[in-house]
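Here's the letter readout for the chains.
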Amino acid sequence: MTTTLKTASGQNVDRSVEVFVIFGISGDLAKKMTFPSLYRLEESNKLTCPIIGVAMDDWSTDGLVDHMRSSIASTIENPDAKVIDRLASRLRYLRGDFTADSTYQALANLMGSAQRKLYYLEIPPVLFAPVVEAVAKNGLATDAFFLIEKPFGHDLGSAKELNDRLHAVIDEQQILRIDHFLGKQPVLDLFYLRFANSLLEPLWNRDHVSAIQVNMTEDFGVEDRGAFYDPVGALRDVVQNHLLQVLALVLMEAPSQPGDRALWDRKADVFRAMATVDPSQVIRGQYQGYQDVPGVRPGSKTETYVALRLSVDSWRWEGVPIFLRAGKALKATATEVRLIFRHPPKLSSLELPSHVVPNQVILRIDPEPGLRMTLFSKAADSTGSDEVHLDLPFAKELGRAPEPYQLLISHALEGNHSLFTREDVVEETWRILDPLVQSTTKPVTYARGTWGPDSAVDIVRGHLAWQVPWTD
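Residues numbered from 1 in each chain as written. Predicted model: local features only at pLDDT ≥ 70, side-chain atom pairs only at ≥ 80, totals over all residues. Heavy atoms only, no water.

A few words on the overall build of the protein. A tally of regular secondary structure across the protein gives 13 helices and 17 strands. A compact globule built from 472 residues should have a C-alpha radius of gyration of about 23 Å, and the protein, at 24 Å, falls within 12% of that. For the protein, the C-alpha atoms occupy an extent of roughly 80 × 60 × 45 Å along the three principal directions. Every one of the 472 residues in the protein was classed for burial, and the buried ones make up 52%. Across the protein, the fraction of contacts at a sequence separation of at least 24, relative to all contacts at a separation of at least 6, is 75%. By element, 51% of the accessible surface of the protein is carried by carbon and sulfur atoms, the whole surface being about 21400 Å². Looking at the protein, you have 49 positive and 61 negative side-chain charges, and the mean spots of the two groups are 1 Å apart. (Helix = DSSP H or I, 4+ residues; strand = E, 2+ residues; numbered from the N terminus. Rg over C-alpha atoms; globule rule 2.2 N^0.38 Å. Buried < 20%, exposed > 50% of the residue type's maximum accessible area, 1.4 Å probe, protein only. Contact = heavy atoms within 4.5 Å. Areas by Shrake-Rupley, 256 points an atom, 1.4 Å probe, with all protein chains shown as cover. Lys, Arg positive; Asp, Glu negative; His and termini not counted. Charge placed at Lys NZ, Arg CZ, Asp CG, Glu CD.)

So, in structure tokens, the structure goes:
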């Protein structure tokens, strides 16, 4: 994977990554996401460097290759054996303790003369700082980037502490904080839908939009992930990262220049203008049966559902409420953003129902990405009016997009940082939600297969009710 930069004299400088090191390559994330993504990159001839996997399992390189083959066989339909063989030839395995100097000395020997390095930390968060510190201590952090998985802290204080430890040994520009939602095609399309189309952008403000709803609903529960989920909950798992990052793209102003710095400046502006959440504008819920999930602490107060109201103190969005809802064991699985527009003036000459649902623009992120506009039109039988939908299915019109991790790893190898989260943005999102993540109140119980606690209607009172996600 190659990035070509120009010097002041105009000469091209090759910035291709020379070695890709993955800490925690024996884990579940690598099996489900990393290996399939590496296969796709190899398939498209976008891999050019060796890949070194570091873990504590008693494996050899042959064992790692077998693990890779098993992963691809279970995740990719009809994989190409030649592509798998090419990927296998890149792999090397290093067994070692992540905090032992001997591990990094052995890693240096494996990397040889490679200069430009990418380290991917697919490891528990408690090891993020120790691994980066060990890499730096052993002289391996020069000309290197560190791709770090979420969660980046568990509250504002821990996020700042982690940033401070990393900045003590490497620069902020070397840190690539990953959020796979930023690699989803419809999230990337938000930028173009807004700023590349004169049809939508003039309406994208408080003069025309009455409210915004962001939903991430799931029809399944925690299942066998109780030990992981219980210390985290819905706020930390999806709201602080995924949904707020999507919301930043919905609310931000257009960057004044190209490049990842200008983009993240505009996202940071959004969060700085967002007040800390008011606990009275939040409903936390827990589905019936959650306490029986293996790994969940007795008497757990972890929320599996949250609905909340936010606002932005900006010229564009002043007075427009923003409603976020996320939960497990609900009626349907869908992730979407809805802009709800103001009602048009009422005219007696129009045959409209007494309670007209306002026009909406819906960006569906999952399960099948697409854009929907809801409008009113004359009914076919000329006896009244009907709501009509203008739908744009992205896969049909634009082709099947790369998987998020495939795109994120590709960008990291290229040196493109626009899809990775910056320090100030992470800290601002924690600031906004900090009163909630510290909450010790008992969540409201709700039945599985519903839309969550009945009291969630109070959050949107005075505005359009929570909308059933677009799933058809």
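On to the packing of helix 7 (residues 185-195) against helix 9 (residues 233-251), then. Direction vectors running N to C along helix 7 and helix 9 enclose 10°, while the axes themselves pass 9 Å from each other. Between helix 7 and helix 9, the crossing angle belongs to the class labelled roughly parallel. Taking contact as the criterion, the partners of V187, L190 and R194 in helix 7 are, on helix 9, V246, L249, V250 and L251. Residues that form the contact of helix 7 with helix 9 fall into these classes: six nonpolar, no polar and one charged. (Axes fitted to C-alpha atoms, helices over the stretch in contact; angles between N-to-C directions. Parallel < 35°, antiparallel > 145°, perpendicular 65-115°, else oblique. Nonpolar A, V, L, I, M, F, W, Y, C, P; charged D, E, K, R; others polar.)

Now for the nonpolar core. Ranked by size, the top nonpolar core spans 107 residues in total, and within it F23, L107, Y119 and I212 carry the most contacts. Not counting the four nearest positions on each side in its chain, I212 is found in contact with V250, L251, W317, V320, P321, I322, F323, V337, R338 and L339. Counting residues in hydrophobic clusters, the runner-up holds 37 residues, among them L41, C49, L87 and L419. (Core = buried A, V, L, I, M, F, W, Y, C linked by side-chain atoms within 4.5 Å.)

Below, the discussion takes up the pairing of strand 10 (residues 282-287). Burial within strand 10 is extensive, with six of its six residues counted as buried. Pairing between strand 10 and strand 11 (residues 305-310): four bridges, direction antiparallel. Each residue of the ladder has a partner; that of R284, found in strand 11, is V306. Relative to strand 17 (residues 444-446), strand 10 is paired through three bridges, and the arrangement is parallel. In the strand pairing of strand 17, Q286 is matched with T445. (Pairing = 2+ DSSP bridges.)

What follows deals with the pattern of salt bridges. Pairing is possible between side chains of opposite charge, provided their charged atoms come close. Taken as a whole and assessed by the stated rule, the structure comprises 29 salt bridges. Of the charged contacts, one joins E133 and R165 as a salt bridge, the two residues approaching to 2.8 Å between their closest N and O atoms. Highlighted residues: E133 in helix 5 (residues 128-137) and R165 in helix 6 (residues 156-167), separated in sequence by 32 residues. Here E133 falls in the partly exposed class, since its relative accessible area comes to 26%. Taking the relative accessible area as the measure of exposure, R165 reaches 34% and is therefore partly exposed. (Salt bridge = Lys/Arg side-chain N within 4 Å of Asp/Glu carboxyl O.)

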